[in-house]
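What follows is each chain in one-letter form.
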Amino acid sequence: MKRGIGGYRAACVVFLCFFSLGVITPAETATEETATEETATEETATEETATEETATEETATEETAAVEEAEDADPSGVTGEPLDPYEDFITGDLTSLGAFDIIPPRNRIGLIAGYRRIGNDTFLTLNPVVDYRFGEEEELKLGLGLPLNLYVYDAQLAGELGNTGFENRGRLRSQDYSELGEFLQIIRYLTYGRKEADIYLDVGSRAPTTIGHGTLVRRLNPNINVDRTQVGAQFDAYWDWAGFQAHTSNLATWEMAGALAFFRPLGLFTSEEIPKSLSFGLTYFHDLVAPSSLQLERGLMQIDRHFNPVPEETELLASLALNFEFKFLKTRTSDIKVYAERSGFTDEQLGSGYFGGLLGRFNLGNDTVHAFRARTEYRTFDANYVPSYFDTFYEITQYQFNDPDESQYPLTKLEVLRARKNDPRRHGCYLELTYGLRDIISLGLAYEHATAAAGSDYRDSNFIAHIELPLQYRLQVFATYYRRNPEDLRSLFELGNESLLFSAARFQILPIMYLNLSYQHSFQLEDLFEMEGVRVANRFSSTSSLSGNLEMAFEF
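Draft legend 1. Looking closely at the overall build of the protein chain. Helix and strand counts for the protein chain come out as 6 helices and 25 strands. Taking all 556 residues of the protein chain together, the buried fraction comes to 48%. In the protein chain, once contacts between residues fewer than 6 apart in sequence are set aside, the share between residues at least 24 apart is 61%. Accessible surface computed for the protein chain: about 27,500 Å², of which carbon and sulfur atoms make up 58%.

This is the structure in structure tokens:
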């Protein structure tokens, strides 16, 4: 706004000067002396007007320079004033780590069609899509779609005598819509605001969720099984004195859900950023049907009609965390807080842990702002507890925490942890670094590690790497890689049963044509078949999903 006001003011002054020059003319008189005097007066007035014009131009130049200097200090280009250390500091997530698909930067109506391979099966994919942003600030965003996978080649059918594998061509893949909640996947995303804004809403199946400091729930992703899609929701609200985060991983069942509520007592009495940052919080999260053991048929998992393992027993698994945090530094470029937390389960057979860490956020630059995040955390916890119990792999590890071979049965996560009850206490750490250059690149690295459980080499370690190139209209690319329990540096990037990879790219070929490519390395039930009338599967194992398609879309 200030650029517009300053320019308008300068234009008015210059206009008045020219107008003055036009109306100040010598009057016609009968005497030569009077004419001479008036002529002299005119020359003097002209000189004074010229002087005023020059001064006005210099003033306008100084005002323009001041505005430009102020805008240089404000990379948003909106306020025309230096960055306010509290209002203009870049907050929220710097990356969309763990996302499944790409959101276009503009409104869109289109149709995506092409090829997809899931495991050894081949499909024709069709997906009509709509993306729309509401309001002048475009805070509310909605994405709709109807993903359809139609069989071209069925590898399991081809393994049966007398079948070629093409008998099911044109049939809809039954795993995609086997549960009521899977029909909600028509909502690709529904978002309002940004993370850490006063109000934030996120509905969809495209991204994982972290609650609070992540000691209970960190990057929980309920969609790493290619045979199951769940649509979840997160809603956050913040005030000076309090706030909350609420989440469910499945809007249809609410089986996994919880919330964080926090209180800032000094926020009732002061608006100063550092004093009011003192916060005390309580987190609750549950799994209503956590499997404590599985129904096995000759060592194989029994599978229900929704393509999920059948538990022998389930239970309510409830967890709690108490925490405090305090921001001890806040400047135009830095924001650093310290936090401590205790988290555990209400189940007496499961333990708890203590956590303490530092979280720093940094903004560097004026015209171009480089945003950084750094977190370091120390942990100590009981052997029958694991930090971030509800993590990226939980959709699989709740049924199969170990990696079963021919001599082992699959064991649930609860079974493994309860067996560690009398083992020695463990210690560990968590490190995370992220970098973002808005609309250009985002990078992220995270690593966690712990001393080995007694009698086991299993260290509950995890590695994450992420890259994102949101280059607006012509090219968008991202890739997220997870690795559980790497044995050494050589195994860090081995794709197998301990790895996850999500990647996609969107290229603009023509004004209304795009090429979409994606590759996922996730999980699927291995050797799904019927034995004596019971559907069984060997175990969850890694599988790949590759797709390439053309998108005909009108963006506006």
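Draft legend 2. Molecular detail of the side chain of Thr125. For Thr125, the location among the structural elements is in strand β2 (residues 121-134). Overall, Thr125 belongs to the buried group, its relative accessible area being 10%. If near-sequence neighbours (up to four positions away) are discounted, Thr125 is found in contact with Ile112, Ala113, Gly114, Tyr115, Arg116, Leu148, Asn149 and Asn549.

Draft legend 3. Region of interest: the pattern of salt bridges. Here the structure, examined in full by the defined rule, presents 31 salt bridges. As a salt-bridge pair, Arg188 and Asp101 come within 3.7 Å of each other at their nearest N and O atoms. With Arg188 in strand β5 (residues 187-192) and Asp101 in the loop between α2 (32-73) and β1 (108-118), this residue pair connects regions lying 87 residues apart in the sequence. Arg188 gets classed as buried once you look at its relative accessible area, which sits at 10%.

Draft legend 4. Just a nonpolar patch on the surface, in detail. Taken together, the side chains of Ile109, Val130, Tyr132, Phe134, Leu144, Ile186, Phe554 and Phe556 present a nonpolar region at the surface, about 700 Å² in accessible area. The element best represented in the nonpolar patch is β2, accounting for 3 residues.

Draft legend 5. Local environment of the sheet that holds strand β24 (residues 534-537). If you trace the 4 strands from one edge of the open sheet to the other, you get β11-β12-β24-β23, paired in antiparallel fashion. If you trace the sheet from one side to the other, it starts and ends with β11 (296-297) and β23 (529-531), each paired once. Taken together, the 2 bridges between β11 and strand β12 (residues 300-302) define a ladder with antiparallel strand orientation. Bridging from a neighbouring strand, Leu296 pairs with Met301 of β12.

Draft legend 6. Representation of the side chain of Lys327 within the structure. Within the secondary structure layout, Lys327 lies in strand β13 (residues 311-330). In this structure Lys327 touches Glu273, Ile274, Ser277, Asp335, Ile336, Lys337 and Arg361, once residues within four positions along its chain are discounted.

Draft legend 7. Region of the structure containing the pairing of strand β9 (residues 256-263). Pairing analysis gives 7 bridges linking strand β8 (residues 242-248) to β9, with the strands arranged antiparallel. When the bridges of β9 are listed, His247 appears paired with Gly258. With 8 bridges joining them, β9 and strand β10 (residues 279-294) adopt antiparallel strand pairing. Pairing of Phe262 across the sheet is with Gly281, part of β10.

Draft legend 8. Structural view of the pairing of strand β22 (residues 513-526). Both strand β21 (residues 499-510) and β22 contribute to a ladder of 9 bridges, which runs antiparallel. Along β22, the bridge assignment pairs Leu510 with Met513. Of the pairings in the sheet, the one linking β22 to strand β25 (residues 539-555) comprises 14 bridges and is antiparallel in character. Within β25, the residue paired with Glu526 across the bridge is Arg539.

Draft legend 9. Here's a closer look at unusual backbone geometry. In the Ramachandran plot, Phe307 falls in the positive-phi region, its phi being about 65° despite a non-glycine side chain. For Phe307, the location among the structural elements is in the loop between β12 and β13. Note on Phe307: relative accessible area 9%, which makes it buried. Positioned with a positive phi, Ser388 is a non-glycine residue whose angle comes to about 50°. By the element assignment, Ser388 lies in the loop between β16 (370-381) and α5 (394-397).

Draft legend 10. A look at the environment of Arg116. Position of Arg116 relative to the elements: it lies in strand β1. Between the C-alpha atom of Arg116 and that of Tyr519, which follows or precedes it by 403 residues, the distance is 9.6 Å. With residues near it in sequence (within four places) discarded, Arg116 still touches Asp121, Thr122, Phe123, Thr125, Asn149, Ser545, Leu546 and Ser547.

Draft legend 11. Up close: the packing of aromatic side chains. For the structure shown, the criterion picks out 25 aromatic pairs. Clustering of aromatic rings is evident, with ring pairs tying together Phe285, Phe345, Phe381, Tyr385, Tyr389, Phe390 and Tyr394. Lying over the aromatic face of Tyr430, Arg218 brings its terminal NZ or CZ to 4.1 Å of the ring centre. In this structure, Arg484 packs its charged tip against the face of Phe393, placed 5.1 Å from the ring centre.

Draft legend 12. Up close: the confidence of the model for the protein chain. The pLDDT averaged across the protein chain works out to 84; a share of 82% of its residues lies at or above 70. Confidence drops under a pLDDT of 50 for residues 1-86, and excluding neighbours within four residues, the segment shows 53 contacts in the predicted structure.

Draft legend 13. Expanded view of a negative patch on the surface. A contiguous patch of negative charge, built from Glu136, Glu137, Glu138 and Glu139, is present on the exposed surface. Along the polypeptide, Glu136 turns up in the loop between β2 and β3 (140-145).

Quick notes on the rules
Residues numbered from 1 in each chain as written. Predicted model: local features only at pLDDT ≥ 70, side-chain atom pairs only at ≥ 80, totals over all residues. Heavy atoms only, no water. Helix = DSSP H or I, 4+ residues; strand = E, 2+ residues; numbered from the N terminus. Buried < 20%, exposed > 50% of the residue type's maximum accessible area, 1.4 Å probe, protein only. Contact = heavy atoms within 4.5 Å. Areas by Shrake-Rupley, 256 points an atom, 1.4 Å probe, with all protein chains shown as cover. Salt bridge = Lys/Arg side-chain N within 4 Å of Asp/Glu carboxyl O. Patch = residues over 30% accessible without salt bridge, like charges linked within 9 Å, V, L, I, M, F, W, Y side chains within 5 Å. Pairing = 2+ DSSP bridges. Phe/Tyr/Trp six-rings, centres within 6.5 Å; stacked < 30°, edge-to-face > 60°. Lys NZ or Arg CZ within 6 Å of the ring centre and 35° of its normal. pLDDT = per-residue confidence, 0-100. Lys, Arg positive; Asp, Glu negative; His and termini not counted. Charge placed at Lys NZ, Arg CZ, Asp CG, Glu CD.

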